[in-house]
Structure formats: structure tokens, C-alpha cells
Amino acid sequence: MSSAVIFPAQPEQILKGLGKLWTSLGQEEKQQGKPTVLRACAMTLIVATDEPDGGFSASQTIAELMREHPSRGIVLAVSPEAEHELEARVLAQCWKPFGKAQQICCEQIEITARPDSWPNVGPTLVGLIAADLPVIFWCRHKTALDTSATEDQKAGLQAVIRLANKVVIDTQGLPAAAALQMLSALRAKGRTVADLEWTRLTKWRQPIAQIFDNPARQTPYSQFRAIEIAHTGDQLPSCAAYAGAWFSAPYKANVSFVKVDGYGPGLHRIALRAKSEEIVFERTGSDCMRLYSTNGQQRSYTYEERMDTGLMTEELAILGSDPAFETAFARAVELLHDQD
Amino acid sequence: MSVLVQAPPEVNPLQDPLRFERRVPPCAIVIFGASGDLSKRKLLPSLYRLFYERRISPDFAVIGSSRTPMSDDQFRERMKESVSKFLEEAPFDEDVWKSFAQCLFYVPGDLNVPSSYDDIRSKLAEVEKSHRTADNVLFYLSTQPSHYAEAILELGAHQLNTGKGWRRVIIEKPFGHDLQSARKLNDEIHKVFDESAIYRIDHYLGKETVQNILAFRFGNGIFEPLWNRRYVDHIQITAAESIGVEGRGGYYQEAGALRDMIQNHLSQVMATVMMEPPTVFDATNVRDERAKLLRAVRVMKHEDVPKYAVAGQYGPALVGGQQVPGFRQEPSVDPDSQTETYAAVTFFIDNWRWAGTPVYIRTGKRMPKRVTDIAIQFKAPPLGLFQQETKTGLREVRPNLLVLRIQPEEGISLRFLSKSPGSGMRLRPVSMDFNYGSSFGERSPTAYETLLLDAMIGDPTLYTRQDMVEASWQIVQPILDVWANSKFYFPNYPAGSWGPKAADDMLAQQGHVWRIP
């Protein structure tokens, strides 16, 4: 990773900084007389964060993501200690595939705003978007997403959302009702919205779905009329609401949510019940899961808490609409409404 | 009169194709030759990897069969050793293995003994109940090619070719040893299996980068208009190996480079690069176009073979400071062997798109490095305004070269001329590179993973069809005939070189030179 100095975040200066960066990387090529650096970019990935590390962990995640989703990464952080109202630095995230001579490099821009300058980041970003490529906005700025956000925080957030084709948020830890409300507000702006709590469910949904790939199985899915979702924590988490919604959506099965002292956080067990069969997928330890059916089938799985990099890798592979999530979201809204 | 209408099976409403892997139906895989090298090195490691990644149905079983007497547990133990040893770019997980091992079974038996097939039928019935395989069965013939016809006829005689579920059979190469034997084998197999159930495997077609040729050509609009005789000067396909026959001297002596590589792998690659766009991307249309291309390859007259085909055999040499034996010094090889370890052929495609554009294919063992690529050499601009700066001075060249690299650095590069910085209009070639592995950091599935999954799903796009196999034998048959009656003065190239001088002369007569990949 090469880095440059911090300077006021003027788009032209940032672009000039990027130009210089690539020229310096090219010098190495000239010296060695062979291609040593490959520049890669498939999208603009904007990450806004209010984490106290000033965007360090967001930068790290972008560096890991670039292996599968090379992008122009832009990290937006907020710090009252910033030297300038808006300041920037540019750097290249490079990695060398095992056994290869050439490095793969993606450019990264880090912009730090003083809290009162946060609304100005949007106009700065307009000139920094990589041309003709999708723009993904991953919002880790929890304060700006919160209903108690200030007008400035909201305005700053809206300015970035306007630039994005897809907005990714993570409602982990939020009660389902608040999470769905937040998503509804973002969807109302006409943007494709993704929730990493839904992404976490893939590892639960896929093994269960595979069971019903067998057309010869005796109990078809339409006969599973009761779905029970067990979760940890006092309040219903959004992942539990999504799970109940997804599994009940096809035939409008009954859904019940139960709170348990299981392995958490979040989902602990999914049970599908028909008259003649019960299928249960549950966590049986901190690192294991078991899928079994009362018809005698059983399979064990390793449970791993999915890191942001893995979740975003999955999410960045879907740039258009996600019909499964749309279905689950709509049904989750119905379920919560019924619960009220 | 009442009419009974059977309800169609319920479509799985829980599928999410954007996030889940492709749907793979439940099935049992019967591997004949299960104690052989292919099973140990490729098939079981690929199946384990698919299981590890949850890409195959949980309702799944493997029944291995060979002459070696073994229990299920002994088979599992042996396969565990092989899988942990030959698993490529993936960790071996003890817990996952335990689950996987529960799906492995073994039936000892001899392909010549009819009762072996009864034992397999009993085991299939057993796993259908215990593993819910829905009576779908995929047979994999990983045996000596001479047993293919016999094994398939026995499957038919024991009615293992039909059932409540589907039946498919995968057949390894070589599919025949010449055109006549390939036709005969096809006839025998068709007595038992319909063509739609026959999956002739050519693992080159399963390679990610070979599949990417289709994406590159037909997913982009800018290359296809140039993809013809008007703009392409010639095409070179190279498949070089740095190693020798590595203990396969006996087999290789019977096969030779032409049969081992050009008749199957490289002719299929040529067809993929040069075929017409299919109207729909499905198995039938893609394979129709590949077959059409192969049928359009000009079949050489016997008297033209010396002009358009070159055979070579490596001799001993000092490579990288080490003395390397020649082919004739390899174990199990006849010291006077006439088998070619190198073959280079010029093909012409007699169709509207490619008429007059030569395609040069070369393959060999003990070459300077391991590389497989396809180079599309575009014609020079009609007027040479600029001269290119080279090590030996200034000269005009054909600047635009598109290279599709299959291995080891999978990717695509386009070479074009650019002005050198500074005063004066001096040009030098630069390369625009797309590196497959590094641009998509995720691990690519191996060819066998891809092809096994396709067979389970019932997608034969990447498998060869009867007409493709016969067409590819047809184009090499005159060369085989002439070479069989020729006396070669082998060895004619030293190990560690790019082949015999005659191969350079073959291109020189068309005004071309081999690239150094």
C-alpha cells in the first residue's frame, strides 16, 4: 500500500493526486522494464463511517474486497480533529497474487470531514466517481442513519445516496421494526437497498432450500404450514423477521417467533413444520450447526460468523434488483404489521 | 370418461439463483475404475470440494467399483488419503470429510463379470433409500478405454440404463483411437444409451478460461466484427508442456501428441475460438456450432500431409543444468520408438468467415515452459505510416495480437502500438492485460468440478457430442495414416526447445513465424 500526504479535499487536487500516484507506480515498471502493476477498477465503492478509528477498518475492508471486486474506493470519515474542513489523501491498495510477478492495484481516496462539513462531502464526490461504472454506497455511518440524526447529518447522507445505484446498510443489533422502517425510508428514495442482515441469512437459507430440490421427496414445501424462528436477545432482530418472512412467503405459512437462550447473536433456529415431517436447522454450538428432519435425514455444518468482507463480497456481486430480498422484505413488513 | 392428470412436481419456491449455487438434483454416482489414478487425483477431490462448498445436493452418494477387494470403510480410508493429498487450493476439513465419507460406498467387481452389475444394482437400491438419490444415476467410466463398450453393454443387459430417475454416463478420453474405432464405439454405446445421456468428457472444455472465450466473443460487441478473414491474419494455438511423459511412457507411446492433444482438446479449443455465434446459448446450439466448425475444417489429402503437419520427438539435453533423457530413454518406451511427442499442424477452415486464414496448432512435451494459449494475429494496417522500434532497429510489423491465455496465467492480453514518450514518432508495442485469477480473486473451480456438476445438472454444453468427436477424428485421420507409414529420423528436437526446425519451415512457407509464448 503506498500513501501520499493529506491535502484539502478539492476534487481536482484529489484527481491530480491519483494521477501522480499512478505515475510513481509506473516508474517502478520503467526501472524493471516489464509490467509490474495492473490497475483494476470495476465500480466506485463509497464507504461512509463514523467509527472512532477514522475509517481505518473501512479501509482495511476495501483492501480485502478489491481482490474480488476491484474498485475506486472512497472512504468518508468524520473527525473533529481534521486539519481542514474536508481533507483527503490518496493511496493505492495493491496485492500480489501468489506466485505472480505483477501487483494488482486499486486506487483509494480517504476523505475526512469535520462534523459541520459533513453536508459538503456529496458535492465533492460528484467529481470523483469513476466514469461509466456502478456506484455502490456502503453506509457504516450509524449516526446519520438514526432517526435522531441532525439535519446536517441527514443532508450529508442524502447527498451521497443520490450518487449511488445501490445502498448497503447493516441492521444487525437493531430491532426488526426500526430496521424495516429505516430500509423503507431509503427505498422510498428510489434506490436499490441491501441489508447485510439479509446477506447473513444465505448460509441458513441455502441448505434448507436444497432439501426441496428433490422433486421425489414425500412432503412438498407447500405442506409446511408452520414456521418457527428462534432468536436470542430481548427484541426481535431483523434477521429473524427476514427468515420468517422468506420461509413463509411462498404459501403464506404461519410464523411464530420465540426468544431462546441459544447461540447468538441473532438467529438460533429455524423450524419448518408439516403434518408428516419437521425440518430443523439450528446452531448446536459456537461453531457448528445441524440440519435434521424427522424423516431421519441429518447433516452437520460448520458455523462461522461472517465477516464484513464476506458479506460485502456477496452483496457487490448483485448490482441490480434482488427479487428474493424484495419478497422477504415485503412479507416481513406484513408479518410485523400483523404482530402489532 | 375420466382423465387422470398427474400434477407436475412442485418447483422449489425457496431457490435464490442470485445467491445460491446452481441447483443440483439428488443422485448417485457410480465410478468404474474407482481405485485408479483419475479417481484419486481428480474425481474424489472434486466431489469432496463440491460437497465442502455445499454445491451438491445433500441427497447424494458415490459408489466406487473396481477389481480391488475393499470394504466401504477401506474405500473411505483410501479416498481420504487421496483427497487430502490431491485437493487443489483448498483446505481439508476433518468434520466435512466425516459427513462426506458417509456418502461413499464401494462395490468390488470386475467389468467382465456379470454378477458385478447385480451387486451395483443392489447397492444403488440401498443408497436410493438411505440417501434419497431419487433413482438418478450418473455412471463414470474411468477404466481402460478398451472396456468402455463392454461395460456399457453390460449396463444395458442388467437394465441399469433405465429407472424411475435419469441415467447418464460420462466417458473419458480417448474416445476411440481413430475415426473407424470412434464410430464403432458410438454405435455400441447407442445400443444402450441415447445420445442425450452420453457425456464425453474433454476436461479442456471445463477450464474456466476456455469457457471465458465464449463470454469474451459473444458477450462483447467490439471483437466479433473483427473476428474473420478480413482482419485476422492467422491464428496460433500452443499447448506446451515442460515435463516429459512422467511414467506414462507405455500409454503415450501408443497415443502420441496428435491423438493425445490435437484430436480432442485442441480441436475443441479451435472450434470454440472460431465457431459462429449460436442463436441461443444452450447446449444444442453451442454444440451445433462447434460441430459445424469442425466439419468445415479442410481434410488434408495424403500428399499434403508433409506440407501441413510436422511430427517431432524430443532427444536428451541439458535443461536448467540437469541432464534430461530423450523420449526413447524414458521407462517403458521402445528405444526405436516412432511416436511423436510433438505435433504441429496447419488447418484451414473452409467457410465464409475463415477461408484462407491459416490456423497453426502445436503441442509438445519437454518444451521450454508449460503454457497453453491462443493467439489471434490481426493484419497490419493497410498503409504503414509508422515503423516500430525493435531491438534490432526499426521495422514494420503486424502490431495487433490478441492472446487468450488458458494456462498458467489465465487471462487475455491485447498488444497494440503506442508512441514512445519524447520527440519523434517512435512506436513501441504495449500490452493491455486482463488477468483472470487476479481480477476475480475468488478461486476458480477446477475443470472436473465444473464438468461433474454439469453432468449432475444435465447440462452437456461443455461435453463433446458424437458428431464433434467424429469430425475431429476426420481432420486428423489423414495425418495419422501418413505418419503410420512414415519413417521418422527421431529425435529431431532437443528437450527444452520449441520443437523441430521443420515446424518453423511449415510456417515460413506461409510467411509466418511461431510466437514465443
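Reading the values: rules and limits
Residues numbered from 1 in each chain as written. Chains lettered and ligands numbered in written order. Predicted model: local features only at pLDDT ≥ 70, side-chain atom pairs only at ≥ 80, totals over all residues. Heavy atoms only, no water. Helix = DSSP H or I, 4+ residues; strand = E, 2+ residues; numbered from the N terminus. Buried < 20%, exposed > 50% of the residue type's maximum accessible area, 1.4 Å probe, protein only. Contact = heavy atoms within 4.5 Å. Areas by Shrake-Rupley, 256 points an atom, 1.4 Å probe, with all protein chains shown as cover. Lys, Arg positive; Asp, Glu negative; His and termini not counted. Charge placed at Lys NZ, Arg CZ, Asp CG, Glu CD. Pairing = 2+ DSSP bridges. Core = buried A, V, L, I, M, F, W, Y, C linked by side-chain atoms within 4.5 Å. 1 Å grid on protein atoms, 1.4 Å probe; cavity = no way out; pocket = protein on both sides within 12 Å on 5 of 7 lines; lining within 4 Å. Points joined across faces, edges and corners; volume = space filled by probe spheres on them. Disulfide = S-S within 2.5 Å. Expected span 1.5 Å × (residues − 1). Buried area = accessible area lost by both parts, 1.4 Å probe. Salt bridge = Lys/Arg side-chain N within 4 Å of Asp/Glu carboxyl O. Polar contact = N/O pair within 3.5 Å; in protein donor to acceptor, adjacent residues only side chain to side chain. Axes fitted to C-alpha atoms, helices over the stretch in contact; angles between N-to-C directions. Parallel < 35°, antiparallel > 145°, perpendicular 65-115°, else oblique. Left-handed = near helix turned anticlockwise from the far one by under 90°. Nonpolar A, V, L, I, M, F, W, Y, C, P; charged D, E, K, R; others polar. Domains from an automatic or database assignment.

Novice: I keep staring at the overall build of chain A and nothing clicks. Help me out?
Specialist: Looking only at helices and strands, chain A features 11 helices and 16 strands. Per-residue burial for chain A yields a buried fraction of 53% across its 340 residues. When contacts within chain A are restricted to residue pairs at least 6 apart in sequence, long-range pairs at least 24 apart make up 74% of them. In the structure as shown, chain A presents an accessible area of about 14800 Å², 50% of it carried by carbon and sulfur atoms. For chain A, the distance from the average site of its 34 positive side-chain charges to the average site of its 40 negative ones is 6 Å.

Novice: Would you take a moment to explain the pairing of strand 3 (residues 104-108) of chain B for this structure?
Specialist: Across a regular strand the side chains alternate sides, sitting on one face of the sheet and then on the other. Residues and elements named next belong to chain B. With respect to burial, strand 3 is a largely interior element, four of its five residues being buried. In terms of strand pairing, strand 2 (residues 60-66) meets strand 3 through five bridges, oriented parallel. Across the sheet, Gly64 pairs through a bridge with Tyr106, a residue of strand 3.

Novice: Can you walk me through unusual backbone geometry in this structure?
Specialist: Trans is the prevailing form of peptide bonds, just as negative phi is the prevailing case for residues other than glycine. Of the consecutive residues B:Lys173 and B:Pro174, the connecting peptide bond is found in the cis state with omega at 5°. Tracing the backbone through its elements, the reader meets B:Pro174 in the loop between strand 5 (167-171) and helix 6 (179-190).

Novice: Would you mind showing me how to read the nonpolar core here?
Specialist: Generally speaking, a soluble globular protein has its nonpolar side chains buried in company with each other. In terms of nonpolar packing, the biggest core is built from 155 residues, with B:Phe193, B:Met270, B:Phe347, B:Ile374, B:Met456 and B:Trp483 touching the most fellow members. Ranked by the residues each element gives to this core, the list is headed by helix 8 (residues 249-274) of chain B, at 11 residues. If sequence neighbours within four positions are ignored, B:Met456 has contacts with B:Val24, B:Pro25, B:Cys27, B:Ile29, B:Leu47, B:Leu50, B:Ile56, B:Leu138, B:Trp166 and B:Arg168. Grouped together as the second largest cluster of nonpolar side chains are 82 residues, A:Cys139, A:Ile169, A:Ile279 and B:Leu14 included.

Novice: So what exactly am I meant to see when it comes to empty space enclosed by the protein here?
Specialist: Empty pockets left among the atoms are what a rolling probe the size of a water molecule brings to light. Residues and elements named next belong to chain B. For the structure on display, the rule yields five cavities of 30 Å³ or more. Roughly 110 Å³ of internal volume is contained in the largest cavity. Every residue lining the largest cavity is counted, 14 residues in all, and those nearest its centre are Lys173, Phe175, Asn264, Thr464 and Val469. For the lining of the largest cavity, the elements supplying multiple residues, two or more each, are helix 8 and helix 13 (466-484).

Novice: Sorry, what's going on with the state of the cysteines here?
Specialist: Two cysteines joined by a covalent bond between their sulfur atoms form a disulfide. Residues and elements named next belong to chain A. Applying the stated criterion across every chain yields a total of one disulfide over all chains. A sulfur-sulfur separation of 2.1 Å characterises the disulfide bridge that pairs Cys94 with Cys105. Between Cys94 and Cys105, the S-S dihedral sits near 110°, and the bridge is therefore right-handed. Of this pair, Cys94 sits in strand 6 (residues 86-95) while Cys105 sits in strand 7 (residues 103-113), placing them 11 residues apart in sequence. Classification of Cys105 as buried rests on a relative accessible area of 0%. Left unpaired, Cys139 is separated from the closest cysteine sulfur, that of Cys239, by 20 Å. With a relative accessible area of 4%, Cys139 lands in the buried category. Not part of a disulfide, Cys288 finds its nearest cysteine sulfur in Cys239, a span of 18 Å.

Novice: Sorry if this is basic, but what is going on with helix 7 (residues 208-219) of chain B here?
Specialist: Because each turn of an α-helix spans 3.6 residues, side chains separated by three or four positions in sequence point in the same direction. If you check helix 7 of chain B, its first and last C-alpha atoms are 15 Å apart, about what 12 residues at 1.5 Å a residue would give, namely 16 Å. Considered for burial, the residues of helix 7 of chain B that qualify are B:Thr209, B:Val210, B:Asn212, B:Ile213, B:Leu214, B:Phe216 and B:Arg217.

Novice: Teacher, can you tell me more about the interface of chain A and chain B here?
Specialist: Interface size is often expressed as the accessible area that is lost when the parts come together. Counting residues at the interface gives 43 residues for chain A and 34 residues for chain B. Summed over both partners, the interface of chain A with chain B buries about 3400 Å², with 50% contributed by carbon and sulfur atoms. Among the residues of chain A in contact with chain B, A:Gln206, A:Asp213 and A:Arg299 are the three that bury the most area, contributing 18% of the side total. Counting every contact that joins chain A to chain B gives four salt bridges. Residue B:Arg19 pairs with A:Asp322 through a salt bridge whose shortest N-O separation is 2.5 Å. Applying the counting criterion to the chain A and chain B interface returns 10 residue pairs in polar contact (both at pLDDT 80 or more). Residue contributions to the side of chain A that touches chain B peak at eight residues, all from helix 8 (residues 202-211) of chain A.

Novice: Please explain the sheet that holds strand 2 of chain B as it appears in this structure.
Specialist: Where strands meet in a sheet, backbone hydrogen bonds hold them as pairs that are either parallel or antiparallel. Residue and element names in this part refer to chain B. Across the sheet, which stays open at both edges, the six strands sit in the order 3-2-1-4-5-6 with parallel pairing between neighbours. Two strands in the sheet have a free side with no partner beyond their single neighbour: strand 3 and strand 6 (198-200). Put simply, the sheet's adjacent strands are angled 20° from each other on average, direction ignored. In this sheet, strand 4 (residues 137-141) lies alongside strand 1 (residues 27-32) in parallel orientation, the contact comprising five bridges. Within the sheet, the bridge partner assigned to Ala28 lies in strand 4 and is Val137.

Novice: How should I be thinking about the packing of helix 2 (residues 56-65) of chain A against helix 10 (residues 308-316) of chain A in this particular structure?
Specialist: Axes are the key here: two packed helices are described by the angle between their axes and the distance separating the axes. Residue and element names in this part refer to chain A. Helix 10 packs onto helix 2 with a crossing angle of 55° between their chain directions and a minimal axis gap of 10 Å. Between helix 2 and helix 10, the angle falls in the class oblique. Crossing hand, helix 2 versus helix 10: right-handed. Where helix 2 abuts helix 10, its residues Thr61, Glu64 and Leu65 lie against Asp308, Thr309, Met312, Thr313 and Leu316. Residue classes in the contact of helix 2 with helix 10 are distributed as three nonpolar, three polar and two charged.

Novice: I'm lost on the domain arrangement of chain A in this one. Help?
Specialist: Residues and elements named next belong to chain A. Domain assignment breaks chain A into domain 1 (5-164) and domain 2 (196-340). Distance between the C-alpha centres of domain 1 and domain 2: 35 Å. At the interface, 11 residues of domain 1 touch eight residues of domain 2. Between domain 1 and domain 2, a total of about 840 Å² is buried, with carbon and sulfur atoms accounting for 78% of that surface. On the domain 1 side of the contact with domain 2, Leu65, His69 and Trp138 bury the most area, a combined 50% of that side's loss. Where domain 1 meets domain 2, there are one salt bridge. Note that Asp308 is salt-bridged to Arg140, the shortest N-O span being 3.3 Å. The interface formed by domain 1 and domain 2 holds three residue pairs in polar contact (both at pLDDT 80 or more) in total. Elements that contribute at least two residues to the side of domain 1 that touches domain 2 include exactly helix 2 and strand 8 (135-140). Taken together, the residues of the side of domain 1 that touches domain 2 sort by class into six nonpolar, two polar and three charged.

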